[in-house]
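This is what each chain is made of:
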Amino acid sequence: MAFIDDDETLQSFKDESHEHLEGIESDLLAIEEAGADIDLELVNKVFRAMHSIKGGAGFLGLNAVKTLSHAAENLLNKIRNKELVPTTPVISSLLDAADLVNRLLNQPKGAVELDISGPLAALNSILSPESDQAAPPDVSPANKADTPGQPASWQGLLTEHSAEITDNRMGGFGIYVLEFERSSDVEQPGLSPTIQTTIESIGQILAIQTDDSSAASPQPTYVLYATMMERDMLVSFAGLPPERVHEIREQAEPAPASPAPTVEPNPIPATVAEESPSTSPPRKNVAADSAGQAKAGTDSSLRVNIKILDNLMTLAGELVLTRNQFLQIVHSSHQQIFDAVSQRFDLVTSELQEAIMSTRMQPVGNIFNKFKRVVRDLAHKLGKEIDLVLEGGEVEMDKTIIEALNDPLTHLVRNSVDHGIEMPDMRTAAGKTPCGTLQIKAFHEGGQVIIEIEDDGGGIDTNRIKEKVLSMGTHDKSVIEAMQEHELLRLIFLPGLSTAKEVTEVSGRGVGMDVVNANLSKVGGVFDIASKLGKGTTITIKLPLTLAIIPSLIVSVGTERYAIPQVNMVELVRVPASKVKQRIERIDEALVIRLRGRLLPLISLADALGIEKRFYQDRKTKQLKVCRRQLIEDRRSLTLPSGADSDNLTSAGNGVTAVSEVNRENHESSERRTTPNSAANILDGTDRRTSPQSAVNIVVVSVGKFHYGLIVDKLLDSEEIVVKPLGSHLRQSQLYAGATIQGDGKVALILDVVGISKFMNLSSGSVRVRDGGPQETERINPDAQTLLLVRNSPKEQLAIPLNLISRIEEIQRDQVELTGGRSNMQYRGLTLPLFSISEVAKVAPLQEDSSSLYVVVFPFGEREAGIMVSEIIDIVTVIGVLDDTTHKQPGIMGSVIIMKRITMIVDLFGIVAAMMPEWIRHTSLGTESGRGQHILVVEDSPFFNRQLCGFVSDAGYKVFSAADGVEGLALLEREKIDLILTDIEMPNMDGLEFTARVRADARWSGLPIIAVTSLSSEAAEKRGRKAGVNEYMIKLDREKVIHTINRYLKH
Amino acid sequence: MQPSPTANATKRKLALFESGHLLCGLDIIHVQEINKNIAVTAVHRVPEYVRGVINLRGEIVTVVDLRTKFGFAPLSQEAEEQIIIVRLGDENIGLLVDSVSDVVIADEKDIEPTPPNLAGVPGHFFKGIYKLEQSLVAILNIEELLAREFE
């Protein structure tokens, strides 16, 4: 058997074998679990997989693989024949063998073959305990009962030549019996020379037998034949009718009629598989005809060369870019046809993109299943009992992410098993079940995939982390002491930190968590850890669905544009020039901003990137101009001509002379360039990158739970960008996550916010200490209402509840189309109705003079609508009292004082009701829907109470109102109530307690309870549902609240 | 270095270009294409010789400034530069040069070993010196030149 030097064949064999091996592992574990009560189908599946590997290995001359898989196959055969119970040692030996086969396959060509003697001996000793020699799979006469009606006359051939058959089969050859007719013109026994030559050219004749006893005429000649050919090939090659070519296989399954061959010296009987050509499968799927394969359904997936996929991705990326370009052109012209084309283009591109992306999506179960083995082996080794629960294996993610997840997840799982879950006796002592539970879950949340690894072990001792960190001497004692629990937990990501008391083989060497964190952040993963001493640890990893195309915000510093992935962003803050000194402060060398009572560290992107100041803003023209003096000194300024033609820059050649003030600034900034905090000059206005009068734009980004602000010059646009890798010279830089190509063909770098914070030595520990009141800032008042402040006229301030809106878009006035007396715009392929508040309420109309305006997009039922406003001012959170009497009118639900100004709160529902009455009817929100059923509204704020009561009774229900849980319970006693609408945060008795009490009472336990809240948070929702709340809604979302009530009360 | 398949075994084609006062040659098999007027996007906090990145039909290509690499003074800002795209391993890299002048066929026998130092530039950046009639051509060793320095 020659070594086939064919890389392609070898590669495809390896690919195939890896697939087999992947399945083998989890199947073996399942077999082990079933114990003596074997699942024959499963054993057969593993057997077949091993068999295929053996066959291929023999064919390719991979002797070690062949020998090992052969021994494993024999063992499996014994299990299959119920001669051997798959106990843990048996399965372990098989797993070891599979591992070794895997490693052998991964060996580069020409490497010294790994030693297989250990696992081989283990397998063989199980196989034949009395002799340490592997029993070769001899061929014995097949049970005749298995093939009734078949000529058995050649069975003798098989018996006689069993040794040769075995040898050839081990070499990967297929064994056949060919039935030739002795033609009348050939008198001598045997084959005609022509036929003999022909078939000898493609295989080996092992024996020839002429059946003289046969009554058939002409008498047949049987040829025992070994060949590499598939059966159907052989049929055509030998020129025989298919029924005369018998494929001799190792028995796939013992025939029910045959006695268990336990006493036979040759444990593997051969059988004859007669097949009609139509059902003949390729040889590598030997025994695919057995029942098991059909329902396995593994054929539904397709193996695609990753290069082809990558190419498709590039193409899709290009298409997206072209679209971006196209959309830019469209915006600047007015031709109707362009709009239609662009819509189509947009749609097709997105669809294509999605379709192609889906080819890269793989279920996360691919790696989850590996943990069965990891946990089993480790638990055995450590003497622990662990129940592994896997959930959400079907959740799909990009292949690259899945692959990148493998190592970090394995590490985390090992950690949990090794020093998370305690020894059984310790668990019992702690009052837990001796068997620990390790849960690995994957699920979707907010466009991301969340992976949770949860154990019910001992938890992480933060005191030990403290000790350890202090002993490392990297942090000040005061810093550590002031840390919050979750901050301490995050310290385990420090390099060199391990809290394991002793180093074990498994983990505890103090390398790992930092690497895990780094690897996860490379694929855009955000890592979090929560632990309760004695209760267990939960690790949460948030991952993007895909890496290839990501929504990002484009920002600029000077002339340069950068992309910040949206997954890293928390919010955008613009500090007006007049407020800069007030809100941005300097503590030591660091800049911080006061944001909702909390101090947020700031980094100037220009400082982080070391961008030297070359521009200043011309006061009169508001244009960025180039400081020429520095240009001459600055070698890098050669890049300017490329950047200068964009936006509103004047090119370097325009002969702009620097004004003296700028020169002074430059002088200062160049002096301070060495200190990382020259951004501090933002405070005194000397280094405001545009001008001292301009506002400061801050992108608040998150690194896990830690947030910081990046100061940029401009916020440009949000775009879906195609991520491209950087060249090898740039990959070392931790500041960039890649690059993208913009609509105009220019390159923009993608910022790595984690890398930037590291580069600038910003860490959660170092900053939080300076934060005076973390307690206070962490608490979010659930009754706080976040409002979007807008205005149409400088004199009148309006507010829209932020949690009712979906997006804000800036549009050109000419994008608003007037059709049928109504304003509309084309938006994401649909028509978006636009309203202005003044159409319904008596407020100032839109400003006519500006060419652009903002559209606040909000959902309404299944549709969307937009409110046009002239200006967006800010986003504020108010806890103050809302007044719903003074300014109430159609379209306005009330008012509140914000920034010392009376601010009217827009009633989106009221506006839709006035402008689009048919929408209300369509959504069955009209007064007809209620049937006088009784609804209890429990809400402490008079404003919200009246709002809720108002629209519930508008919908035709009878309303009873209570100010807190106590009143609510009293009302329940008195009145017959059909449904409860309750606030959560209330004095005396809050909504959760109220709900729990209602649920506890048999009379009301079945009552629908809808919780209403000002802000939706998943944690709060979880708590609510735990207490017994049926639904969780946003207070002012009238349409949804009514809709839900209707749903619950529809009998 | 392999000779170009079309050339005689003892001859090789060299693309000639200037960087500072140095006349350099680059075996033509390395050269993918030569570009002019491509917008280079600056990249900060990277080795100084990396001028930036360009968009080469959808691929992000790192541009190395040969003058900086050689330790020469930068070209005046108005001057036009050219970018030679070379293939190194599985990556395209742009070499920023003053100007590409010619392609010559060099006879192997006219190539001499590089002195340890060539006009202040370390000799290991070059594979040899080719003598033209009036001038000397320093043949670039791009593997050495573009070897990554990890600090």
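Relevant structure appears above.
Residues numbered from 1 in each chain as written. Chains lettered and ligands numbered in written order. Predicted model: local features only at pLDDT ≥ 70, side-chain atom pairs only at ≥ 80, totals over all residues. Heavy atoms only, no water.

Colleague: Can you walk me through the overall build of chain A in this structure?
Modeller: Scanning chain A from terminus to terminus reveals 35 helices and 41 strands. Classification of the 1051 residues of chain A by burial places 51% in the buried group. When contacts within chain A are restricted to residue pairs at least 6 apart in sequence, long-range pairs at least 24 apart make up 67% of them. Taken as a whole, chain A presents about 48200 Å² of accessible surface, with 52% of it coming from carbon and sulfur. (Helix = DSSP H or I, 4+ residues; strand = E, 2+ residues; numbered from the N terminus. Buried < 20%, exposed > 50% of the residue type's maximum accessible area, 1.4 Å probe, protein only. Contact = heavy atoms within 4.5 Å. Areas by Shrake-Rupley, 256 points an atom, 1.4 Å probe, with all protein chains shown as cover.)

Colleague: Any chance you could explain the pairing of strand β13 (residues 549-557) of chain A here in plain terms?
Modeller: Each regular strand shows side chains that alternate between the opposite faces of the sheet. Residues and elements named next belong to chain A. For β13, a buried count of eight out of nine residues is recorded, marking the element as mostly surrounded by other parts of the structure. Summarising the sheet, β13 and strand β23 (residues 714-722) pair through eight bridges and their orientation is antiparallel. Bridge pairing in β23 places Ile549 opposite Val722. Hairpin connection, β13 to strand β14 (residues 560-565): the antiparallel pair is bridged by two residues, and Gly558 has positive phi, about 60°. (Pairing = 2+ DSSP bridges.)

Colleague: Help me understand the sheet that holds strand β3 (residues 31-36) of chain B in this model?
Modeller: By way of backbone hydrogen bonds, the strands of a sheet pair with one another, either parallel or antiparallel. Residue and element names in this part refer to chain B. Here we have six strands laid out as an open sheet, ordered β3-β7-β8-β6-β5-β4, and mixed in their pairing. Of all the strands in the sheet, just β3 and β4 (41-42) have a single pairing partner and so form its edges. The sheet contact formed by strand β6 (residues 59-65) and strand β8 (residues 91-97) spans four bridges and is parallel. Within β8, the position partnered with Thr62 by the bridge is Ile93.

Colleague: Quick question: what am I supposed to make of the interface of chain B and chain A here?
Modeller: Accessible area lost during the coming together of the parts is what is often quoted as the interface size. Contact residues are listed per partner, giving 32 residues for chain B and 32 residues for chain A. When chain B packs against chain A, the two sides together hide about 2900 Å² of surface, and 60% of this comes from carbon and sulfur. On inspection of chain B and its partner chain A, the count reaches zero salt bridges. Taken together, chain B and chain A are joined by nine residue pairs in polar contact (both at pLDDT 80 or more). For the side of chain B that touches chain A, the secondary-structure elements that each account for two or more residues are β4, β5 (50-56), β6 and β8 of chain B. A per-element tally of the side of chain B that touches chain A places β5(B) first, with five residues. Here the side of chain B that touches chain A is composed, by residue class, of 17 nonpolar, eight polar and seven charged. (Buried area = accessible area lost by both parts, 1.4 Å probe. Salt bridge = Lys/Arg side-chain N within 4 Å of Asp/Glu carboxyl O. Polar contact = N/O pair within 3.5 Å; in protein donor to acceptor, adjacent residues only side chain to side chain. Nonpolar A, V, L, I, M, F, W, Y, C, P; charged D, E, K, R; others polar.)

Colleague: Hey, could you run me through a nonpolar patch on the surface in this one?
Modeller: A grouping of Ile308(A), Leu312(A) and Leu315(A) is seen on the molecular surface, where their side chains present a nonpolar patch of about 260 Å² in accessible area. The exposed category is assigned to Leu315(A), whose relative accessible area is 51%. (Patch = residues over 30% accessible without salt bridge, like charges linked within 9 Å, V, L, I, M, F, W, Y side chains within 5 Å.)

Colleague: Please clarify how the environment of Asp983(A) should be interpreted in this entry.
Modeller: Residues and elements named next belong to chain A. Within the secondary structure layout, Asp983 lies in strand β39 (residues 979-983). Owing to a relative accessible area of 2%, Asp983 belongs among the buried residues under this scheme. Taking C-alpha positions, Asp983 is 9.1 Å from Asn945, a pair spaced 38 residues apart along the chain.

Colleague: Looking at this structure, I do not really get the nonpolar core. What am I missing?
Modeller: Within soluble globular proteins, side chains that are nonpolar tend to cluster in buried spots. By size, the foremost hydrophobic cluster in this structure holds 64 residues, and its most contacted members are Phe70(B), Leu95(B) and Leu140(B). Among all residues touching Phe70(B), those that are not within four sequence positions of it are Ser19(B), Leu22(B), Cys24(B), Val121(B), Phe125(B), Phe126(B), Leu140(B) and Leu145(B). In this structure, Phe371(A), Val374(A), Ile440(A) and Met513(A) belong to the second largest nonpolar core, which totals 45 residues. (Core = buried A, V, L, I, M, F, W, Y, C linked by side-chain atoms within 4.5 Å.)

Colleague: Is there a simple way to think about the side chain of Arg373(A) in this case?
Modeller: Looking at the secondary structure, you find Arg373(A) in helix α13 (residues 365-382). Here Arg373(A) is in contact with Glu25(A), Leu29(A), Leu95(A), Asp96(A) and Asp99(A), once residues within four sequence places are set aside.

Colleague: Would you explain helix α32 (residues 965-974) of chain A in this entry?
Modeller: In an α-helix there are 3.6 residues to a turn, and that puts residues three or four apart on one side. Residue and element names in this part refer to chain A. Of all the positions in α32, only Gly965, Gly968, Leu969, Leu971 and Leu972 are classed as buried. Here the buried residues of α32 occupy an arc of 160° about the axis, which is enough to place them on one side. Those residues of α32 that are buried lie in contact with β37 (934-938), β38 (958-962), β39 and α33 (991-1000). The N-cap of α32, judged by a side-chain oxygen 3.0 Å from the amide nitrogen of Val966 a few residues on, is Asp964. (Arc of directions from axis to C-beta.)

Colleague: I'm lost on the pattern of salt bridges in this one. Help?
Modeller: Any two side chains of opposite charge can pair, given that their charged atoms come close. All names here are of chain A. Scanning the entire structure with this criterion turns up 31 salt bridges over all chains. Where Lys54 meets Glu73, a salt bridge forms, and the shortest distance between an N and an O atom there is 3.0 Å. Residue Lys54 is located in helix α2 (residues 40-60), and its partner Glu73 is located in helix α3 (residues 63-80); the two are separated by 19 residues in the primary sequence. With a relative accessible area of 1%, Lys54 lands in the buried category. Taking relative accessible area as the criterion, Glu73 reaches 0% and is therefore assigned buried. Between Asp744 and Arg561 there is a salt bridge; the shortest N-O distance is 2.8 Å. Remark: Arg561 occurs in strand β14 and Asp744 occurs in the loop between β24 (736-741) and β25 (747-751); sequence separation between them is 183 residues.

Colleague: Whenever I open this one, the packing of α3(A) against helix α4 (residues 88-106) of chain A confuses me. Can you help?
Modeller: Each pair of packed helices can be summarised by the angle the axes make with each other and by the distance between the axes. All names here are of chain A. Put simply, α3 and α4 touch, their axes get as near as 10 Å, and they point 155° apart. On the basis of the axis angle, α3 is roughly antiparallel to α4. In this structure, α3 crosses over α4, and the sense of that crossing is left-handed. Between α3 and α4, the residues in contact are Ala64, Val65, Leu68, Ala72, Leu75, Leu76 and Ile79 and Val90, Ser93, Leu94, Ala97, Leu100, Val101, Leu104 and Leu105, respectively. Looking at the contact of α3 with α4 residue by residue, the class counts come to 14 nonpolar, one polar and no charged. (Axes fitted to C-alpha atoms, helices over the stretch in contact; angles between N-to-C directions. Parallel < 35°, antiparallel > 145°, perpendicular 65-115°, else oblique. Left-handed = near helix turned anticlockwise from the far one by under 90°.)

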